[in-house]
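A closer look at the structure
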Amino acid sequence: MEKHYTGSQVKGVSTGTTILAAVFDGGVVIGSDSRASIGGEYVSSKTINKVIQVHDQIFCCMAGSLADAQAVTKAAKFHLSFHSIQMETPPLVISAASVLKDLCYKNKDELQAGFITAGWDRKKGPQVYVVALGGMLVSQPVTIGGSGSTYIYGYVDAKYKPNMSREECLQFATNALALAMGRDNVSGGIAHLVVITEKGVEHVVVPGDKLPKFHDE
Amino acid sequence: SMLDGTGPEWLSEEVKTGTTIIAIEYNGGVVLGSDSRVSAGASVVNRVMNKLSPLHDKIYCALSGSAADAQTIAEMVNYQLDVHSMEIGEDPQVRSAATLVKNISYKYKEELSAHLIVAGWDRRDGGQVFATLKGLITRQPFAVGGSGSSYVYGFVDAEYRRGMNKEDCQQFVVNTLSLAMSRDGSSGGVAYIVTIDEHSTEEKVILGNDLPTFFDQ
(Lines give C-alpha, C1' and ligand atoms only; values in the text may rest on other atoms or scores of the structure.)
Protein backbone atom coordinates (compact mmCIF):
# COMPACT_ATOMS: atom_id res chain seq x y z
CA MET A 1 0.00 0.00 0.00
CA GLU A 2 1.14 3.56 -0.47
CA LYS A 3 2.31 5.75 2.40
CA HIS A 4 -0.34 7.29 4.59
CA TYR A 5 -0.30 11.06 4.90
CA THR A 6 -1.73 11.56 8.33
CA GLY A 7 0.82 14.27 9.09
CA SER A 8 0.11 16.61 6.16
CA GLN A 9 3.36 15.88 4.40
CA VAL A 10 1.44 16.60 1.21
CA LYS A 11 1.66 20.24 0.22
CA GLY A 12 -1.54 22.04 -0.66
CA VAL A 13 -4.87 20.29 -0.91
CA SER A 14 -4.67 16.58 -0.20
CA THR A 15 -7.22 13.86 -0.48
CA GLY A 16 -6.46 12.52 2.99
CA THR A 17 -8.79 9.81 2.06
CA THR A 18 -10.20 6.35 2.04
CA ILE A 19 -10.42 4.50 -1.27
CA LEU A 20 -11.09 0.88 -2.04
CA ALA A 21 -11.95 -1.57 -4.77
CA ALA A 22 -13.08 -5.19 -4.64
CA VAL A 23 -13.85 -7.90 -7.16
CA PHE A 24 -17.12 -9.83 -6.85
CA ASP A 25 -18.73 -12.52 -8.90
CA GLY A 26 -19.33 -10.80 -12.23
CA GLY A 27 -17.94 -7.35 -11.56
CA VAL A 28 -16.06 -4.93 -9.39
CA VAL A 29 -16.99 -2.25 -6.89
CA ILE A 30 -14.78 0.82 -6.54
CA GLY A 31 -15.46 3.50 -3.96
CA SER A 32 -14.21 6.42 -1.93
CA ASP A 33 -15.15 9.01 0.67
CA SER A 34 -15.66 12.63 -0.37
CA ARG A 35 -13.50 14.84 1.80
CA ALA A 36 -10.66 17.06 0.56
CA SER A 37 -8.61 18.80 3.23
CA ILE A 38 -5.68 21.15 3.66
CA GLY A 39 -3.26 19.75 6.20
CA GLY A 40 -5.98 17.96 8.11
CA GLU A 41 -7.20 21.26 9.52
CA TYR A 42 -9.63 22.64 6.99
CA VAL A 43 -12.06 20.70 4.86
CA SER A 44 -11.86 22.37 1.49
CA SER A 45 -14.54 20.19 -0.05
CA LYS A 46 -17.15 17.98 1.60
CA THR A 47 -18.39 16.39 -1.58
CA ILE A 48 -15.52 15.85 -3.94
CA ASN A 49 -15.80 12.82 -6.20
CA LYS A 50 -12.58 10.86 -6.16
CA VAL A 51 -13.82 8.09 -8.43
CA ILE A 52 -12.79 9.17 -11.91
CA GLN A 53 -13.86 7.55 -15.14
CA VAL A 54 -10.91 6.99 -17.46
CA HIS A 55 -12.83 4.94 -20.00
CA ASP A 56 -16.31 3.46 -20.49
CA GLN A 57 -15.83 0.57 -18.09
CA ILE A 58 -12.63 1.57 -16.30
CA PHE A 59 -12.54 3.83 -13.25
CA CYS A 60 -9.80 4.90 -10.92
CA CYS A 61 -9.55 6.38 -7.46
CA MET A 62 -6.83 8.68 -6.32
CA ALA A 63 -5.15 9.36 -2.99
CA GLY A 64 -2.54 11.88 -2.07
CA SER A 65 -2.11 15.32 -3.55
CA LEU A 66 -5.29 16.35 -5.33
CA ALA A 67 -3.46 18.43 -7.90
CA ASP A 68 -1.13 15.58 -8.82
CA ALA A 69 -4.02 13.15 -9.02
CA GLN A 70 -6.04 15.37 -11.34
CA ALA A 71 -3.07 16.03 -13.59
CA VAL A 72 -2.22 12.36 -13.85
CA THR A 73 -5.78 11.21 -14.51
CA LYS A 74 -6.20 13.83 -17.21
CA ALA A 75 -3.06 12.59 -18.93
CA ALA A 76 -4.14 8.99 -18.47
CA LYS A 77 -7.57 9.64 -20.02
CA PHE A 78 -5.93 11.13 -23.07
CA HIS A 79 -3.44 8.28 -23.47
CA LEU A 80 -6.16 5.69 -23.07
CA SER A 81 -8.57 7.19 -25.55
CA PHE A 82 -5.77 7.51 -28.10
CA HIS A 83 -4.74 3.91 -27.42
CA SER A 84 -8.26 2.61 -27.83
CA ILE A 85 -8.66 4.40 -31.16
CA GLN A 86 -5.38 2.95 -32.40
CA MET A 87 -6.26 -0.58 -31.27
CA GLU A 88 -9.88 -0.22 -32.47
CA THR A 89 -11.09 -1.93 -29.33
CA PRO A 90 -11.90 -0.84 -25.78
CA PRO A 91 -8.74 -0.80 -23.66
CA LEU A 92 -7.93 -3.52 -21.18
CA VAL A 93 -8.06 -2.62 -17.48
CA ILE A 94 -4.39 -3.51 -17.21
CA SER A 95 -3.61 -0.99 -19.96
CA ALA A 96 -5.28 1.75 -17.97
CA ALA A 97 -3.38 0.72 -14.88
CA SER A 98 -0.12 0.58 -16.83
CA VAL A 99 -0.64 4.08 -18.20
CA LEU A 100 -1.06 5.36 -14.64
CA LYS A 101 1.90 3.30 -13.50
CA ASP A 102 4.16 4.77 -16.19
CA LEU A 103 3.19 8.28 -15.25
CA CYS A 104 3.74 7.59 -11.55
CA TYR A 105 7.04 5.77 -12.06
CA LYS A 106 8.59 8.23 -14.49
CA ASN A 107 7.61 11.20 -12.35
CA LYS A 108 8.14 9.55 -9.00
CA ASP A 109 10.30 12.37 -7.68
CA GLU A 110 7.67 15.03 -8.26
CA LEU A 111 4.45 13.16 -7.63
CA GLN A 112 2.69 12.24 -4.44
CA ALA A 113 -0.29 10.24 -5.55
CA GLY A 114 -1.34 6.60 -5.54
CA PHE A 115 -4.10 4.99 -7.60
CA ILE A 116 -6.52 2.13 -7.56
CA THR A 117 -7.81 1.13 -11.00
CA ALA A 118 -10.83 -1.10 -11.41
CA GLY A 119 -12.88 -2.14 -14.38
CA TRP A 120 -14.20 -4.81 -16.65
CA ASP A 121 -12.80 -5.99 -19.97
CA ARG A 122 -13.60 -8.85 -22.33
CA LYS A 123 -10.28 -10.62 -21.85
CA LYS A 124 -10.11 -11.05 -18.08
CA GLY A 125 -13.45 -9.83 -16.77
CA PRO A 126 -13.49 -7.80 -13.56
CA GLN A 127 -10.09 -6.73 -12.24
CA VAL A 128 -8.53 -4.44 -9.65
CA TYR A 129 -5.02 -3.00 -9.91
CA VAL A 130 -3.14 -0.84 -7.50
CA VAL A 131 -0.36 1.59 -8.43
CA ALA A 132 1.62 2.47 -5.32
CA LEU A 133 3.46 5.72 -4.72
CA GLY A 134 6.77 4.74 -6.35
CA GLY A 135 5.14 3.23 -9.40
CA MET A 136 4.72 -0.46 -8.52
CA LEU A 137 1.78 -2.14 -10.26
CA VAL A 138 0.07 -5.08 -8.59
CA SER A 139 -3.19 -6.92 -9.23
CA GLN A 140 -5.27 -7.85 -6.21
CA PRO A 141 -8.83 -9.07 -5.65
CA VAL A 142 -9.39 -6.40 -3.03
CA THR A 143 -7.36 -3.34 -2.19
CA ILE A 144 -7.61 -0.26 0.02
CA GLY A 145 -5.72 3.02 0.03
CA GLY A 146 -5.45 6.49 1.48
CA SER A 147 -4.95 7.60 5.06
CA GLY A 148 -8.19 6.05 6.28
CA SER A 149 -7.26 2.63 4.95
CA THR A 150 -4.96 1.94 7.94
CA TYR A 151 -7.99 1.49 10.16
CA ILE A 152 -9.77 -1.03 7.98
CA TYR A 153 -6.99 -3.50 7.11
CA GLY A 154 -8.26 -5.84 9.80
CA TYR A 155 -11.88 -5.48 8.67
CA VAL A 156 -11.07 -6.07 4.99
CA ASP A 157 -8.82 -9.06 5.74
CA ALA A 158 -11.53 -10.62 7.88
CA LYS A 159 -14.60 -9.84 5.80
CA TYR A 160 -13.63 -10.02 2.15
CA LYS A 161 -14.58 -13.26 0.45
CA PRO A 162 -13.90 -14.08 -3.19
CA ASN A 163 -17.00 -14.53 -5.41
CA MET A 164 -19.41 -12.52 -3.29
CA SER A 165 -22.65 -11.40 -4.85
CA ARG A 166 -23.11 -7.82 -5.99
CA GLU A 167 -25.21 -6.92 -2.94
CA GLU A 168 -22.78 -8.52 -0.49
CA CYS A 169 -19.86 -6.69 -2.09
CA LEU A 170 -21.68 -3.35 -2.05
CA GLN A 171 -22.49 -3.84 1.63
CA PHE A 172 -18.89 -4.83 2.37
CA ALA A 173 -17.56 -1.72 0.59
CA THR A 174 -20.05 0.62 2.25
CA ASN A 175 -19.26 -0.80 5.69
CA ALA A 176 -15.53 -0.52 5.13
CA LEU A 177 -15.79 3.11 4.01
CA ALA A 178 -18.09 3.97 6.92
CA LEU A 179 -15.70 2.38 9.43
CA ALA A 180 -12.71 4.24 8.01
CA MET A 181 -14.57 7.55 7.89
CA GLY A 182 -15.54 7.01 11.52
CA ARG A 183 -11.93 6.74 12.65
CA ASP A 184 -9.95 8.90 10.22
CA ASN A 185 -10.46 12.62 10.68
CA VAL A 186 -9.37 13.43 7.12
CA SER A 187 -11.91 11.07 5.54
CA GLY A 188 -15.60 11.76 5.62
CA GLY A 189 -18.68 13.11 3.93
CA ILE A 190 -20.54 10.76 1.62
CA ALA A 191 -19.59 7.45 0.10
CA HIS A 192 -19.19 7.33 -3.68
CA LEU A 193 -19.38 3.83 -5.12
CA VAL A 194 -19.32 2.62 -8.71
CA VAL A 195 -20.32 -0.90 -9.71
CA ILE A 196 -18.83 -2.08 -13.02
CA THR A 197 -20.01 -5.24 -14.75
CA GLU A 198 -20.13 -6.59 -18.28
CA LYS A 199 -23.45 -4.83 -18.77
CA GLY A 200 -22.23 -1.40 -17.76
CA VAL A 201 -21.65 1.03 -14.98
CA GLU A 202 -23.81 2.02 -12.02
CA HIS A 203 -23.16 4.87 -9.61
CA VAL A 204 -24.25 4.44 -6.00
CA VAL A 205 -24.05 7.41 -3.64
CA VAL A 206 -24.61 6.89 0.08
CA PRO A 207 -25.19 10.17 1.93
CA GLY A 208 -23.63 10.57 5.39
CA ASP A 209 -26.81 9.95 7.33
CA LYS A 210 -27.53 6.72 5.44
CA LEU A 211 -24.15 5.18 6.14
CA PRO A 212 -24.19 2.11 8.40
CA LYS A 213 -23.79 2.88 12.08
CA PHE A 214 -21.81 0.75 14.50
CA HIS A 215 -22.08 -0.12 18.14
CA ASP A 216 -20.95 3.16 19.63
CA GLU A 217 -22.80 5.57 17.35
CA SER B 1 30.59 1.93 22.30
CA MET B 2 27.28 0.15 22.58
CA LEU B 3 25.06 3.20 22.66
CA ASP B 4 26.65 5.50 20.10
CA GLY B 5 25.64 3.73 16.91
CA THR B 6 29.01 2.31 15.97
CA GLY B 7 27.96 -1.24 16.79
CA PRO B 8 25.02 -3.18 15.39
CA GLU B 9 21.90 -1.04 15.00
CA TRP B 10 19.87 -3.03 17.49
CA LEU B 11 22.21 -2.15 20.32
CA SER B 12 21.57 1.56 19.99
CA GLU B 13 17.90 1.57 19.01
CA GLU B 14 15.35 2.00 21.74
CA VAL B 15 13.58 -1.20 22.62
CA LYS B 16 9.88 -0.86 21.93
CA THR B 17 6.99 -3.18 22.38
CA GLY B 18 5.55 -2.01 19.05
CA THR B 19 2.57 -4.08 19.73
CA THR B 20 -1.04 -5.04 19.59
CA ILE B 21 -2.93 -5.14 22.88
CA ILE B 22 -6.62 -5.52 23.53
CA ALA B 23 -8.92 -5.90 26.52
CA ILE B 24 -12.66 -6.51 26.54
CA GLU B 25 -15.21 -6.82 29.30
CA TYR B 26 -18.08 -9.29 29.47
CA ASN B 27 -20.75 -9.91 32.07
CA GLY B 28 -18.68 -11.45 34.85
CA GLY B 29 -15.11 -10.78 33.78
CA VAL B 30 -12.58 -9.54 31.26
CA VAL B 31 -10.37 -10.99 28.55
CA LEU B 32 -6.98 -9.43 27.77
CA GLY B 33 -4.80 -10.25 24.79
CA SER B 34 -1.43 -9.29 23.37
CA ASP B 35 1.12 -10.31 20.77
CA SER B 36 4.69 -11.20 21.80
CA ARG B 37 7.10 -9.20 19.65
CA VAL B 38 9.66 -6.77 21.10
CA SER B 39 11.61 -4.82 18.52
CA ALA B 40 14.68 -2.56 18.56
CA GLY B 41 14.53 -0.81 15.21
CA ALA B 42 14.31 -3.53 12.60
CA SER B 43 15.45 -6.35 14.87
CA VAL B 44 13.16 -8.51 16.95
CA VAL B 45 14.93 -8.76 20.28
CA ASN B 46 12.32 -10.94 21.96
CA ARG B 47 9.75 -12.95 20.01
CA VAL B 48 7.97 -14.50 22.98
CA MET B 49 7.49 -11.69 25.48
CA ASN B 50 4.33 -11.78 27.53
CA LYS B 51 2.99 -8.24 27.58
CA LEU B 52 0.13 -9.04 29.94
CA SER B 53 1.50 -8.17 33.34
CA PRO B 54 -0.25 -8.85 36.66
CA LEU B 55 -0.89 -5.86 38.90
CA HIS B 56 -2.81 -7.93 41.42
CA ASP B 57 -4.51 -11.33 41.61
CA LYS B 58 -7.46 -10.25 39.49
CA ILE B 59 -6.09 -7.12 37.81
CA TYR B 60 -3.78 -7.24 34.81
CA CYS B 61 -2.34 -4.61 32.54
CA ALA B 62 -1.34 -4.80 28.88
CA LEU B 63 1.92 -3.07 27.93
CA SER B 64 2.71 -1.10 24.78
CA GLY B 65 5.16 1.56 23.66
CA SER B 66 8.62 1.76 25.17
CA ALA B 67 9.33 -1.60 26.85
CA ALA B 68 11.34 -0.05 29.68
CA ASP B 69 8.76 2.61 30.47
CA ALA B 70 5.87 0.17 30.37
CA GLN B 71 7.55 -2.42 32.57
CA THR B 72 8.61 0.20 35.09
CA ILE B 73 5.11 1.63 35.37
CA ALA B 74 3.70 -1.86 35.84
CA GLU B 75 6.21 -2.70 38.57
CA MET B 76 5.60 0.55 40.43
CA VAL B 77 1.85 0.13 40.32
CA ASN B 78 2.15 -3.50 41.39
CA TYR B 79 4.01 -2.30 44.50
CA GLN B 80 1.62 0.57 45.20
CA LEU B 81 -1.39 -1.73 44.83
CA ASP B 82 0.11 -4.24 47.28
CA VAL B 83 0.50 -1.49 49.88
CA HIS B 84 -2.97 -0.11 49.16
CA SER B 85 -4.67 -3.49 49.44
CA MET B 86 -2.99 -4.11 52.78
CA GLU B 87 -4.17 -0.73 54.00
CA ILE B 88 -7.79 -1.34 53.06
CA GLY B 89 -7.67 -4.98 54.11
CA GLU B 90 -9.24 -6.38 50.96
CA ASP B 91 -8.65 -6.83 47.21
CA PRO B 92 -8.22 -3.54 45.38
CA GLN B 93 -10.68 -2.23 42.80
CA VAL B 94 -9.78 -2.20 39.13
CA ARG B 95 -10.47 1.52 39.07
CA SER B 96 -7.84 2.04 41.79
CA ALA B 97 -5.22 0.20 39.75
CA ALA B 98 -6.10 2.23 36.68
CA THR B 99 -5.91 5.45 38.67
CA LEU B 100 -2.43 4.58 39.93
CA VAL B 101 -1.31 3.92 36.36
CA LYS B 102 -2.92 7.14 35.21
CA ASN B 103 -1.20 9.14 37.94
CA ILE B 104 2.23 8.02 36.80
CA SER B 105 1.42 8.38 33.08
CA TYR B 106 0.10 11.89 33.57
CA LYS B 107 2.75 13.19 35.94
CA TYR B 108 5.59 11.97 33.74
CA LYS B 109 3.85 12.31 30.40
CA GLU B 110 6.70 14.22 28.80
CA GLU B 111 9.30 11.64 29.74
CA LEU B 112 7.35 8.45 29.26
CA SER B 113 6.12 6.88 26.06
CA ALA B 114 4.13 3.88 27.13
CA HIS B 115 0.43 3.11 27.03
CA LEU B 116 -1.06 0.63 29.47
CA ILE B 117 -4.55 -0.83 29.30
CA VAL B 118 -5.75 -1.93 32.76
CA ALA B 119 -8.40 -4.64 33.07
CA GLY B 120 -9.64 -6.94 35.79
CA TRP B 121 -12.46 -8.11 37.99
CA ASP B 122 -13.54 -6.81 41.37
CA ARG B 123 -16.49 -7.53 43.65
CA ARG B 124 -18.01 -4.10 43.32
CA ASP B 125 -18.29 -3.61 39.55
CA GLY B 126 -17.42 -6.97 38.01
CA GLY B 127 -15.31 -6.97 34.87
CA GLN B 128 -13.90 -3.58 33.83
CA VAL B 129 -11.51 -2.22 31.20
CA PHE B 130 -9.75 1.12 31.54
CA ALA B 131 -7.65 2.96 28.94
CA THR B 132 -4.94 5.28 30.27
CA LEU B 133 -3.45 6.76 27.11
CA LYS B 134 -1.38 9.89 27.69
CA GLY B 135 -2.59 10.28 31.24
CA LEU B 136 -6.35 10.16 30.87
CA ILE B 137 -8.45 7.44 32.47
CA THR B 138 -11.58 6.22 30.79
CA ARG B 139 -13.66 3.09 31.27
CA GLN B 140 -14.66 1.43 28.02
CA PRO B 141 -16.41 -1.80 27.02
CA PHE B 142 -13.21 -2.70 25.16
CA ALA B 143 -9.90 -1.02 24.37
CA VAL B 144 -7.17 -1.62 21.79
CA GLY B 145 -3.67 -0.19 21.81
CA GLY B 146 -0.19 -0.34 20.36
CA SER B 147 1.02 0.14 16.82
CA GLY B 148 -1.00 -2.79 15.49
CA SER B 149 -4.26 -1.39 16.82
CA SER B 150 -4.60 1.14 13.96
CA TYR B 151 -5.16 -1.70 11.51
CA VAL B 152 -7.99 -3.27 13.46
CA TYR B 153 -10.09 -0.27 14.49
CA GLY B 154 -12.46 -0.98 11.64
CA PHE B 155 -12.69 -4.64 12.54
CA VAL B 156 -13.39 -4.09 16.24
CA ASP B 157 -15.88 -1.29 15.51
CA ALA B 158 -17.79 -3.61 13.19
CA GLU B 159 -17.60 -6.82 15.19
CA TYR B 160 -18.13 -5.69 18.76
CA ARG B 161 -21.60 -6.28 20.12
CA ARG B 162 -22.87 -5.66 23.64
CA GLY B 163 -23.65 -8.76 25.67
CA MET B 164 -21.00 -11.11 24.29
CA ASN B 165 -20.18 -14.03 26.57
CA LYS B 166 -16.76 -15.27 27.68
CA GLU B 167 -16.14 -17.57 24.71
CA ASP B 168 -17.27 -14.90 22.20
CA CYS B 169 -14.89 -12.42 23.81
CA GLN B 170 -11.97 -14.84 23.68
CA GLN B 171 -12.64 -15.52 20.00
CA PHE B 172 -12.98 -11.77 19.33
CA VAL B 173 -9.61 -11.13 21.01
CA VAL B 174 -7.87 -13.93 19.13
CA ASN B 175 -9.27 -12.82 15.75
CA THR B 176 -8.32 -9.19 16.37
CA LEU B 177 -4.78 -10.09 17.43
CA SER B 178 -4.33 -12.36 14.43
CA LEU B 179 -5.45 -9.67 11.97
CA ALA B 180 -3.25 -7.02 13.54
CA MET B 181 -0.22 -9.30 13.75
CA SER B 182 -0.45 -10.11 10.07
CA ARG B 183 -0.49 -6.45 9.04
CA ASP B 184 1.74 -4.70 11.60
CA GLY B 185 5.47 -5.31 11.22
CA SER B 186 6.01 -4.53 14.87
CA SER B 187 3.52 -7.13 16.10
CA GLY B 188 3.89 -10.86 15.79
CA GLY B 189 4.95 -14.09 17.39
CA VAL B 190 2.42 -15.81 19.61
CA ALA B 191 -0.78 -14.57 21.21
CA TYR B 192 -1.15 -14.41 24.98
CA ILE B 193 -4.69 -14.41 26.37
CA VAL B 194 -5.66 -13.83 30.00
CA THR B 195 -9.24 -14.40 31.19
CA ILE B 196 -10.19 -13.03 34.61
CA ASP B 197 -13.45 -13.66 36.43
CA GLU B 198 -14.72 -14.09 39.95
CA HIS B 199 -13.42 -17.63 40.24
CA SER B 200 -10.13 -17.74 38.40
CA THR B 201 -7.42 -16.05 36.39
CA GLU B 202 -6.49 -18.16 33.39
CA GLU B 203 -3.44 -17.56 31.19
CA LYS B 204 -3.22 -19.11 27.75
CA VAL B 205 -0.77 -19.06 24.85
CA ILE B 206 -1.79 -19.57 21.24
CA LEU B 207 1.12 -20.45 18.98
CA GLY B 208 1.55 -18.78 15.59
CA ASN B 209 0.29 -21.61 13.44
CA ASP B 210 -2.80 -22.09 15.62
CA LEU B 211 -3.98 -18.53 15.09
CA PRO B 212 -7.00 -18.01 12.81
CA THR B 213 -6.18 -17.28 9.15
CA PHE B 214 -8.13 -15.17 6.68
CA PHE B 215 -8.79 -15.30 3.01
CA ASP B 216 -5.41 -14.27 1.67
CA GLN B 217 -3.25 -16.46 3.93
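This is a predicted model, so every value here is computed, not measured. (Residues numbered from 1 in each chain as written. Chains lettered and ligands numbered in written order. Predicted model: local features only at pLDDT ≥ 70, side-chain atom pairs only at ≥ 80, totals over all residues. Heavy atoms only, no water.)

A few words now on the overall build of chain B. The helix and strand tally for chain B stands at five helices and 13 strands. For a compact globule of 217 residues, the expected C-alpha radius of gyration is about 17 Å, and chain B comes in at 17 Å, within 12% of that figure. Seen through its principal axes, chain B has C-alpha atoms that stretch 55 × 45 × 25 Å. Out of the 217 residues in chain B, the part that is buried amounts to 49%. Long-range contacts, defined here as pairs at least 24 residues apart, represent 64% of the contacts in chain B between residues at least 6 apart. When the accessible area of chain B is evaluated, it comes to approximately 10200 Å², of which 47% is carbon and sulfur surface. One way to put it: in chain B the 18 positive side-chain charges average out to a point 5 Å from where the 28 negative ones average out. (Helix = DSSP H or I, 4+ residues; strand = E, 2+ residues; numbered from the N terminus. Rg over C-alpha atoms; globule rule 2.2 N^0.38 Å. Buried < 20%, exposed > 50% of the residue type's maximum accessible area, 1.4 Å probe, protein only. Contact = heavy atoms within 4.5 Å. Areas by Shrake-Rupley, 256 points an atom, 1.4 Å probe, with all protein chains shown as cover. Lys, Arg positive; Asp, Glu negative; His and termini not counted. Charge placed at Lys NZ, Arg CZ, Asp CG, Glu CD.)

Let's shift gears to the pairing of strand β2 (residues 21-26) of chain B. Residues and elements named next belong to chain B. Burial of β2 is extensive: five of the six residues sit out of reach of the surface. Two strands pair when backbone bridges link them, and β2 and strand β3 (residues 29-34) are joined in this way by six bridges, in the antiparallel orientation. Counterpart to glutamate 25 in the pairing with β3 is valine 30. Here β2 folds back onto β3, and the loop between the two strands holds two residues, one of which, glycine 28, carries a positive phi near 120°. Examined bridge by bridge, β2 and strand β11 (residues 142-145) share four bridges and lie antiparallel to one another. Across the sheet, isoleucine 21 pairs through a bridge with glycine 145, a residue of β11. (Pairing = 2+ DSSP bridges.)

Here the focus is the packing of helix α2 (residues 67-88) of chain B against helix α3 (residues 94-107) of chain B. Residues and elements named next belong to chain B. It is at 10 Å that the axes of α2 and α3 come closest, and there the two elements cross at 135°. By the angle between their directions, the pair α2 and α3 is classed as oblique. Classified by chirality, the crossing of α3 by α2 is right-handed. Every residue of α3 that contacts α2 at Ile73, Met76, Val77, Gln80, Leu81 and His84 is listed here: Ser96, Ala97, Leu100, Val101, Ile104 and Ser105. The residue inventory of the contact of α2 with α3, partitioned by class, reads eight nonpolar, four polar and no charged. (Axes fitted to C-alpha atoms, helices over the stretch in contact; angles between N-to-C directions. Parallel < 35°, antiparallel > 145°, perpendicular 65-115°, else oblique. Left-handed = near helix turned anticlockwise from the far one by under 90°. Nonpolar A, V, L, I, M, F, W, Y, C, P; charged D, E, K, R; others polar.)

Once that is clear, we can look at the environment of leucine 66 of chain A. Here leucine 66 of chain A lies in helix α1 (residues 66-87). When the C-alpha atoms of leucine 66 of chain A and lysine 50 of chain A are compared, they prove to be 9.2 Å apart, with 16 residues separating the residues in sequence.

This part covers the interface of chain A and chain B. Facing the 18 residues of chain A at the interface are 19 residues of chain B. Buried area between chain A and chain B, both sides added, is near 1700 Å², and the carbon and sulfur share of it is 63%. Of all residues in chain A, the largest losses of buried area upon contact with chain B belong to Asp157, Arg183 and His215 of chain A, amounting jointly to 38% of the total for that side. At the junction of chain A with chain B, the criterion picks out three salt bridges. Close ionic contact of aspartate 157 of chain B with arginine 183 of chain A constitutes a salt bridge, the shortest N to O distance being 2.9 Å. One can count six residue pairs in polar contact (both at pLDDT 80 or more) joining chain A with chain B. Listing elements by their share of the side of chain A that touches chain B, those giving two or more residues are α3 (153-159) and α4 (166-183) of chain A. Among the elements that make up the side of chain A that touches chain B, the one with the highest residue count is α3 of chain A (six residues). Of the residues contributing to the side of chain A that touches chain B, the split by class is eleven nonpolar, three polar and four charged. (Buried area = accessible area lost by both parts, 1.4 Å probe. Salt bridge = Lys/Arg side-chain N within 4 Å of Asp/Glu carboxyl O. Polar contact = N/O pair within 3.5 Å; in protein donor to acceptor, adjacent residues only side chain to side chain.)

This paragraph deals with the UniProt feature "active site" (unreviewed entry) in chain A. Residues and elements named next belong to chain A. When the UniProt feature table is mapped onto this chain numbering, "active site" (unreviewed entry) sits at Thr17. For threonine 17, the position within the fold is in the loop between β1 (13-15) and β2 (19-24). The buried category is assigned to threonine 17, whose relative accessible area is 0%. A distance of 3.2 Å separates polar atoms of two side chains, one belonging to threonine 17 and the other to aspartate 33. (UniProt positions renumbered as here; feature names shortened; annotations may be inferred.)

Below, the discussion takes up the UniProt feature "active site" (unreviewed entry) in chain B. Residue and element names in this part refer to chain B. Mapped onto this structure's residue numbering, the UniProt feature "active site" (unreviewed entry) falls at Thr19. On the secondary structure map, threonine 19 appears in the loop between β1 (15-17) and β2. By relative accessible area, threonine 19 is classed as buried at 0%.

The final tally for this structure, using the stated rule, is twelve salt bridges over all chains. Among the salt bridges present, the one from aspartate 157 of chain A reaches arginine 183 of chain B, with a minimum N-O distance of 2.9 Å. Linking aspartate 157 of chain A in helix α3 with arginine 183 of chain B in helix α5 (residues 166-183), this pair reaches from one chain into another. Its relative accessible area of 36% is what places arginine 183 of chain B among the partly exposed residues. Glutamate 25 of chain B serves as the salt-bridge partner of arginine 139 of chain B, at 3.2 Å between the closest nitrogen and oxygen. With arginine 139 of chain B in strand β10 (residues 138-140) and glutamate 25 of chain B in strand β2, this pair connects stretches of sequence that are 114 residues apart.

Time to look at the environment of valine 205 of chain B. All names here are of chain B. In this fold, valine 205 is placed in strand β13 (residues 201-206). C-alpha separation for the pair valine 205 and valine 190, spaced 15 residues apart in sequence, amounts to 6.9 Å. The contact partners of valine 205, leaving out residues within four places of it in the chain, are Val190, Ala191 and Tyr192.

Our focus in this paragraph is the pairing of strand β8 (residues 114-122) of chain B. Consecutive side chains along a regular strand alternate between the two faces of the sheet. Residue and element names in this part refer to chain B. In terms of residue burial, β8 counts as a mostly covered element, since nine of its nine residues are buried. Neither face of β8 is open: one carries Ala114, Leu116, Val118, Gly120 and Asp122, the other His115, Ile117, Ala119 and Trp121, and all of them are buried. Taken together, the seven bridges between strand β7 (residues 59-66) and β8 define a ladder with antiparallel strand orientation. Each bridged residue has a counterpart across the sheet, and for tyrosine 60 the counterpart in β8 is alanine 119. Across six bridges, the pairing between β8 and strand β9 (residues 126-131) is antiparallel. Its bridge partner lying in β9, valine 118 is registered against phenylalanine 130.

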